[in-house]
Amino acid sequence: MHPMSQTPAAGQGFCVECGQPFAEFEMVTIGGAPVCAVCKPVYLQRLRESGRTAGQRRYAGFWIRFAARLIDGVILGIVTRIVDIPLMPMLGLNARGPGPFMVALMAPAGALILVNLAISLGYEVYFLTTWSATIGKRVLGLKVIRADGGPISPGLAAGRYLGQILSSITLAIGYIMAAFDEEKRALHDRICNTRVIHAK
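Remember, predicted model here, so these are calculated numbers, not experimental data. (Residues numbered from 1 in each chain as written. Predicted model: local features only at pLDDT ≥ 70, side-chain atom pairs only at ≥ 80, totals over all residues. Heavy atoms only, no water.)

Caption draft 1: Structural context of unusual backbone geometry. Even without glycine at this site, Ala-172 takes up a positive phi of about 65 degrees. Mapped onto the elements of the fold, Ala-172 is located in the loop between helix 5 (154–169) and helix 6 (173–176). Residue classification places Ala-172 among the partly exposed residues on the basis of a relative accessible area of 28%. For Lys-184, which is not glycine, the phi torsion reads 55 degrees and is therefore positive. Secondary-structure assignment places Lys-184 in the loop between helix 6 and helix 7 (187–192). (Helix = DSSP H or I, 4+ residues; strand = E, 2+ residues; numbered from the N terminus. Buried < 20%, exposed > 50% of the residue type's maximum accessible area, 1.4 Å probe, protein only.)

Caption draft 2: How the structure looks around the side chain of Lys-137. Relative to the elements of secondary structure, Lys-137 occurs in helix 4 (residues 135–139). Here Lys-137 sits buried without a salt bridge, and the closest side chain of opposite charge, Asp-72, lies 4.8 Å off (N-O distance). Once residues lying within four places of it in the same chain are set aside, the contact partners of Lys-137 are Ala-68, Arg-69, Asp-72, Leu-142, Val-144 and Val-196. (Lys, Arg positive; Asp, Glu negative; His and termini not counted. Salt bridge = Lys/Arg side-chain N within 4 Å of Asp/Glu carboxyl O. Contact = heavy atoms within 4.5 Å.)

Set out below in structure tokens:
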């Protein structure tokens, strides 16, 4: 199991800087935030440079999250197109759509949609459990954490992806909620109890 997907045992916690699990006695608490010995100098230096209070999180606002989602959308669009081009003829589809045989082609079209959903789900789960961020979020210096500061597990990442679908089908109101929440939580963040923060 990847270390970033572990659940802490009793007497353990996560370092807010590197996200790794440590025994509580191996960490120091700085302003309420647990930090491991290796990360302590880096964490204190970042606090000095940013002028932030120790342990204070910088939640990512609506627009920077929107930009990260655009980057992810472009990447996923390219990947799914690469997969779709050879797959469409095999399913009896063409780039111009199903044409007059819509009913007969509903099953192949549905299969293509499921393949694209699987790619998007795999993208979200892999990068959130490996980097705590998708490529778009990583480029913009963001990461996704649990409410306790711990990393995202594969199950939570999958649930969060499904929650994003719910945020989308509500006329994107689920995403817009982040602009009015004190901790910048979208609907899927509320459902999964996650936060999107600035990594530095």
